Amino acid sequence: MTDVKLPIYLDYSATTPVDARVARVMAECLTRDGNYGNPASRSHSFGWDAERKVEEARQHVAALINSDPKEIIWTSGATESDNLAIKGAAHFYQKNGKHIITSKTEHKAVLDTCRQLEREGFAVTYLEPHSSGLIDPEYLKAAIREDTILITIMHVNNEIGVIQDIRAIGEIARKHKIILHVDAAQSPGKAPVDLQEMKIDLMSLSAHKVYGPKGIGALYVRRKPRVRVEAQMHGGGHERGMRSGTLATHQIVGMGEAFRIAKQEMASDNERIRTLRNRLLNGLKDIEEIYINGDLEQRVPGNLNVSFNFIEGESLIMALKDIAVSSGSACTSASLEPSYVLRALGRDDELAHSSIRFTIGRFTTVEEIDYTIELIKNAVIKLRNLSPLWEMHQDGVDLKAVEWAAH
Amino acid sequence: MSYSDKVLDHYENPRNVGSFDKGDQNIGTGMVGAPACGDVMKLQIKVNTNGVIEDARFKTYGCGSAIASSSLLTEWVKGKTLDQASEIKNTDIAEELALPPVKIHCSVLAEDAIKAAINDLKTKADGALQKNSA
């Protein structure tokens with residue numbers, strides 16, 4: 001146990017380290033002896049070489065999701081892609097209607113963009129998921145109105161890792177001639193996407209969740225049938241006018257390489273990561289009063305989100321200072337609300353506060369998982385010994401029946 | 001969140017963790033906060049016949065500064081009379097622990113806890129008095 005290097009990184013859904021192979025190809029696009037030209041320069045070889053690199057990267061990204069490279073638009077990341085897709089489609093198609101359907105468990109990049117459109121006069125329906133975190137496609141179908149122009153549903157949830165049934169949702173959207181946008185920031189390398197089969201019109205991608213660099217992402221924009229978005233960034237007309245701005249060759253090449261590796265190693269990575277996740281789950285499952293958040297089957301292999309009843313989230317994070325994890329607790333985030341995702345699942349505030357998200361990745365080891373299990377077991381014992389709520393629970397007090405003084 | 005060494009020390013080595021029998025006449029119990037708000041403090045004080053707090057215990061469900069605030073409080077109240085203990089201000093606790101602004105509410109909760117424990121004792125004493133005079 002002592003040979004484990006601390007702290008242990010178990011926050012791969014927040015971001016990932018750049019794979020050394022990715023860093024290498026990025027470094028080749030920066031300095032004087034490298035590929036530093038502007039890909040938009042048409043009059044010399046510096047530009048042509050850079051453009052070739054950018055197009056190779058586009059092919060790698062397209063290959064992972066089985067699309068045409070012409071359908072890939074570079075952006076600064078999934079947040080920008082979400083904004084471009086949702087605002088861009090809403091503005092372009094608003095003559096057909098002003099109703100949008102999304103879900104309560106979307107990323108803030110989607111929810112806040114929808115809020116902005118509400119301020120502009122659009123109507124938005126926020127679907128509630130099952131307690132498993134999954135959206136029932138039939139429930140979504142029932143929310144469709146005459147004036148619905150856009151459905152935006154995430155593929156893999158960032159907090160609980162559940163995978164929505166995008167295939168079924170796509171069939172519904174296409175049948176009703178509604179644009180479907182999918183936030184797939186968490187999907188690459190974890191959950192397969194096949195755009196020849198899935199009827200997705202717009203899809204947001206990110207590099208830094210899959211061992212690529214931060215600051216680069218892409219938006220998939222379907223060509224057949226053609227989908228249009230209104231540009232949000234105006235300028236030199238790059239990316240077929242949908243997103244102006246000089247292409248960041250090194251970032252793009254990094255994303256391309258990350259996606260190339262993801263396609264090659266996805267199956268073996270996932271198998272190994274699933275084994276580690278199950279080892280963690282088995283190591284924790286004997287602790288009393290813990291709750292797994294989100295469906296365990298329809299889920300990416302690397303995610304485990306657990307609520308530890310009668311323990312407050314931030315104190316748990318403090319006890320786990322040797323491991324880097326995320327918490328659904330109020331105290332660790334800027335807002336005072338506990339995780340809105342867990343609340344949408346119907347978890348009460350206490351359990352939302354005491355949730356920990358473990359996300360396992362390419363570089364996680366068995367030793368790290370075993371260390372984590374021991375650490376958590378000890379922290380839970382220590383903090384429950386400190387907890388008046390645990391004491392009441394042990395005494396058979398029904399905490400729901402207690403009238404707490406609000407403060 | 002970066003905490004002061006004092007908060008970390010109280011968090012790592014909390015003082016006077018535990019429970020007294022809350023039915024005991026000499027024990028005052030204060031339970032404040034709510035699970036939904038992310039913190040619940042239980043503070044218990046044991047008073048001798050001279051009205052001096054001779055021992056204290058706490059249990060806290062909450063963040064590091066909530067645990068530290070209540071742990072510190074148990075140290076401070078020992079040896080104080082009830083009147084002296086009731087004069088402990090949240091600002092004293094916040095200052096001693098160098099709590100960041102977003103954690104001031106933890107010290108407020110600690111002040112509420114000692115007040116509630118003293119009240120509990122007084123209610124018990126009044127009850128006993130009424131019983132004796134009846």
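Calculation rules
- Residues numbered from 1 in each chain as written.
- Chains lettered and ligands numbered in written order.
- Predicted model: local features only at pLDDT ≥ 70, side-chain atom pairs only at ≥ 80, totals over all residues.
- Helix = DSSP H or I, 4+ residues; strand = E, 2+ residues; numbered from the N terminus.
- Rg over C-alpha atoms; globule rule 2.2 N^0.38 Å.
- Buried ≥ 20, exposed ≤ 12 C-beta atoms within 10 Å, placed from the backbone.
- Contact = placed C-beta atoms within 7 Å.
- Axes fitted to C-alpha atoms, helices over the stretch in contact; angles between N-to-C directions.
- Parallel < 35°, antiparallel > 145°, perpendicular 65-115°, else oblique.
- Nonpolar A, V, L, I, M, F, W, Y, C, P; charged D, E, K, R; others polar.
- Arc of directions from axis to C-beta.
- Pairing = 2+ DSSP bridges.
- pLDDT = per-residue confidence, 0-100.
- Core = buried A, V, L, I, M, F, W, Y, C linked by C-beta atoms within 7 Å.

Caption draft 1: Looking closely at the overall build of chain B. Within chain B, the secondary structure is distributed over 5 helices and 3 strands. Traced from its N-terminal end to its C-terminal end, chain B shows the element sequence α-β-β-β-α-α-α-α. The C-alpha atoms of chain B give 15 Å as radius of gyration, which agrees with the globular expectation for 134 residues (14 Å, within 12%). With 134 residues in all, chain B has 45% of them scored as buried. Across chain B, every contact between residues at least 6 apart in sequence was considered, and the portion connecting residues at least 24 apart equals 64%.

Caption draft 2: Layout of the overall build of chain A. When you go through chain A residue by residue, the secondary structure sums to 12 helices and 13 strands. A compact globule built from 407 residues would reach a C-alpha radius of gyration of about 22 Å, and chain A, at 23 Å, matches this within 12%. Dimensions along the principal axes, computed over C-alpha positions, put chain A at roughly 80 × 55 × 35 Å. Within chain A, buried positions represent 51% of all 407 residues. Once local pairs closer than 6 in sequence are excluded, the contacts in chain A between residues at least 24 apart make up 73%.

Caption draft 3: Focus on the packing of helix 1 (residues 5-12) of chain B against helix 2 (residues 64-77) of chain B. All names here are of chain B. Helix 2 packs onto helix 1 with a crossing angle of 80° between their chain directions and a minimal axis gap of 8 Å. Taken as axis vectors, helix 1 and helix 2 run roughly perpendicular relative to one another. Between helix 1 and helix 2, the residues in contact are Lys6, Val7, His10 and Tyr11 and Gly64, Ser65, Ile67, Ala68, Ser71 and Leu72, respectively. Of the residues belonging to the contact of helix 1 with helix 2, the class tally is 5 nonpolar, 4 polar and 1 charged.

Caption draft 4: Here's a closer look at the interface of chain B and chain A. With 24 residues of chain B at the interface, the matching set in chain A holds 23 residues. Within the residue set of the side of chain B that touches chain A, elements represented by two or more residues are strand 1 (27-34), strand 2 (39-47), strand 3 (53-61) and helix 2 of chain B. No other element matches the 4 residues that strand 1 of chain B contributes to the side of chain B that touches chain A. Considered class by class, the residues forming the side of chain B that touches chain A number 15 nonpolar, 6 polar and 3 charged.

Caption draft 5: Geometry of helix 4 (residues 90-97) of chain B. Residues and elements named next belong to chain B. Within the sequence span of helix 4, burial applies to Ile93, Ala94 and Leu97. For helix 4, the buried positions fall inside an angular range of 95° around the axis, keeping them on one side. Positive phi shows up at Ala98, right after helix 4, with a value of about 50°.

Caption draft 6: Inspection of the sheet that holds strand 3 of chain B at higher detail. Residue and element names in this part refer to chain B. The 3 strands are arranged 1-2-3 in an open sheet whose pairing can be described as antiparallel. Taken across any chain shown, the strands that pair with only one partner, and hence form the sheet edges, are strand 1 and strand 3. Neighbour-to-neighbour, the strand axes of the sheet open up by a mean angle of 10°, direction not taken into account. Examined bridge by bridge, strand 1 and strand 2 share 8 bridges and lie antiparallel to one another.

Caption draft 7: Looking closely at the confidence of the model for chain B. Residue and element names in this part refer to chain B. This prediction gives chain B a mean pLDDT of 93; 98% of its residues lie at or above 70. Mean pLDDT values for the elements of chain B range from 90 in helix 5 (residues 104-133) up to 97 in strand 3. Two numbers describe this predicted complex: its pTM, 0.91, and its ipTM, 0.94.

Caption draft 8: Looking closely at the nonpolar core. Of all hydrophobic cores here, the largest spans 78 residues; its most connected members are A:Val61, A:Leu150, A:Leu202, A:Tyr220 and A:Ala258. Among the elements that make up this core, the one with the highest residue count is helix 7 (residues 249-284) of chain A (7 residues). Ignoring sequence-local partners within four residues, the contact set of A:Leu150 consists of A:Ile86, A:Ala89, A:Ala90, A:Ile100, A:Ile178, A:Ile179 and A:His181. Listed in part, the 67 residues of the second largest apolar core include A:Tyr12, A:Ile311, A:Val325 and B:Met31.

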